[in-house]
Each structure stands twice: as structure tokens, then as C-alpha cells.
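# Inside the fold
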Amino acid sequence: MSNYTIKVASDRSLINTIAEFQVNMAMETEDLSLDLDTVKKGVQHIFDNQSLGRYVIVEDNGKCIASMLNLYEWSDWRCGNVIWIHSLFVIEEYRRKGIFSAMYEFVKNEVESSDELMGLRLYVEKNNDRAQKTYKAMGMTKEHYDMYEWLK
């Protein structure tokens, strides 16, 4: 990871790249075709509303090779925010090189050094064994909650 830069995305020129990552990820992981213009508006919304979340990116010599959305969830039990990890994408040729682990450590270090941040959460497809093994290896635990949803 020493050749890569991990940072919070602030350059709005990354909106198209991040949106394209998300369209690619949805097709790859769920065989779901997303509308690129809609996704661009969704990414733009996070850039316009930093209190909701932010994108963490990894660059290789200035080229964005990975992105991860972090959303804030207020926990009244903990009187602080829990960061949800969403929309993770790493360009294929950079996978299995520790990029996600480095991104995770970047965010985890922020949580550990903050009085306002209480932890990290993510959800994973039940059949994505490789991802589940990765998360367990990084010290995350599978909790007792099931997720329910209703989507328009």
C-alpha cells in the first residue's frame, strides 16, 4: 500500500468516476443495471451534504482506483455516530492487494481517535463468502441482527 494515497474525497471531478464504480459494482455483484445519471446525482448529493457521509478513495499516482461510501448513523445508545461502510469498489486489477484493508484501517483509526465516532458497520450478501472471510480476518464480528427492508 505504500505507493497509494488514501483520503477523503473532496474533488468534485471524482463524481463521475465514483458513479461509474457504483454502476460497475452493482452489475458485478448483483447483476443489477443502474442508471448512471441517477447514480451521479446520488454521489453529488453526498458531496453537497457532507453531514450525511463522505467518500474515502484510494489513488495510485493520482488515478482513483477505489472508493468507499461512509454514511453516518446516529446512535442514541452510544451518543455518537456509527459509520456504515457502503458502496465499496476496487478496480479489478488492484484487488487482492490489501486496498480495502487499508481503507478500513484508515476509517477505523479515525473512529478510534474520535470521541464522536463509536464504531463501524457494514452489511454483506449472505452468499459472499470471500467478503465475509475478509471482514472476519480484519476483526469484525457477525452480529445477531437480520436486516429487513422495503424499497420503492
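Before going further, it helps to examine the packing of aromatic side chains. Taken as a whole and assessed by the stated rule, the structure comprises 6 aromatic pairs. A ring pair is formed by Tyr-4 and Tyr-94, whose centres lie 5.9 Å apart and whose planes are at 75 degrees; its orientation type is edge-to-face. Within this pair, whereas Tyr-4 is found in strand S1 (residues 4-8), its partner Tyr-94 is found in the loop between strand S4 (80-90) and helix H3 (99-112), the two being separated by 90 residues in sequence. With centroids separated by 6.0 Å and ring planes inclined at 20 degrees, the aromatic side chains of Phe-47 and Tyr-55 adopt a geometry described as stacked. The buried category is assigned to Phe-47, whose relative accessible area is 6%. Residue classification places Tyr-55 among the buried positions, given a relative accessible area of 4%. Connected via pairs of aromatic rings, a cluster forms that spans Phe-100, Tyr-104 and Tyr-135. The lysine or arginine in question, Arg-95, covers the ring of Phe-89, its NZ or CZ lying 5.3 Å from the ring centre. Above the face of the Tyr-94 ring, Lys-97 is positioned so that its terminal group lies 5.8 Å from the ring centre.

Inspection of every chain in the model, using the stated rule, returns 5 salt bridges. In this structure, the salt-bridge partner of Arg-12 is Asp-48, at a minimum N-O distance of 2.8 Å. Here the residue Arg-12 occupies a position in the loop between S1 and helix H1 (15-30), and Asp-48 occupies one in helix H2 (residues 36-48), the gap between them amounting to 36 residues. Take Arg-12: its relative accessible area is 41%, and that puts it in the partly exposed class. Of the charged contacts, one joins Arg-54 and Glu-110 as a salt bridge, the two residues approaching to 2.3 Å between their closest N and O atoms. With a gap of 56 residues between them, Arg-54 in strand S2 (residues 53-60) and Glu-110 in helix H3 connect regions that are remote in the sequence. On the basis of relative accessibility, which here comes to 24%, the residue Glu-110 falls in the partly exposed class.

The angle between the axes and the distance between the axes are what describe a pair of packed helices. Look at H1 against H2: their axes get within 9 Å of each other, and the N-to-C directions meet at 125 degrees. The orientation of H1 relative to H2 falls into the category oblique. For the pair H1 and H2, the sense of crossing is right-handed. Contact residues: H1 offers Ile-15, Asn-16, Ile-18, Ala-19, Glu-20, Gln-22 and Val-23, while H2 offers Leu-36, Val-39, Lys-40, Val-43, Gln-44 and Phe-47. Taken together, the residues that form the contact of H1 with H2 break down as 8 nonpolar, 3 polar and 2 charged.

Criteria and thresholds
- Residues numbered from 1 in each chain as written.
- Predicted model: local features only at pLDDT ≥ 70, side-chain atom pairs only at ≥ 80, totals over all residues.
- Heavy atoms only, no water.
- Phe/Tyr/Trp six-rings, centres within 6.5 Å; stacked < 30°, edge-to-face > 60°.
- Helix = DSSP H or I, 4+ residues; strand = E, 2+ residues; numbered from the N terminus.
- Buried < 20%, exposed > 50% of the residue type's maximum accessible area, 1.4 Å probe, protein only.
- Lys NZ or Arg CZ within 6 Å of the ring centre and 35° of its normal.
- Salt bridge = Lys/Arg side-chain N within 4 Å of Asp/Glu carboxyl O.
- Axes fitted to C-alpha atoms, helices over the stretch in contact; angles between N-to-C directions.
- Parallel < 35°, antiparallel > 145°, perpendicular 65-115°, else oblique.
- Left-handed = near helix turned anticlockwise from the far one by under 90°.
- Contact = heavy atoms within 4.5 Å.
- Nonpolar A, V, L, I, M, F, W, Y, C, P; charged D, E, K, R; others polar.

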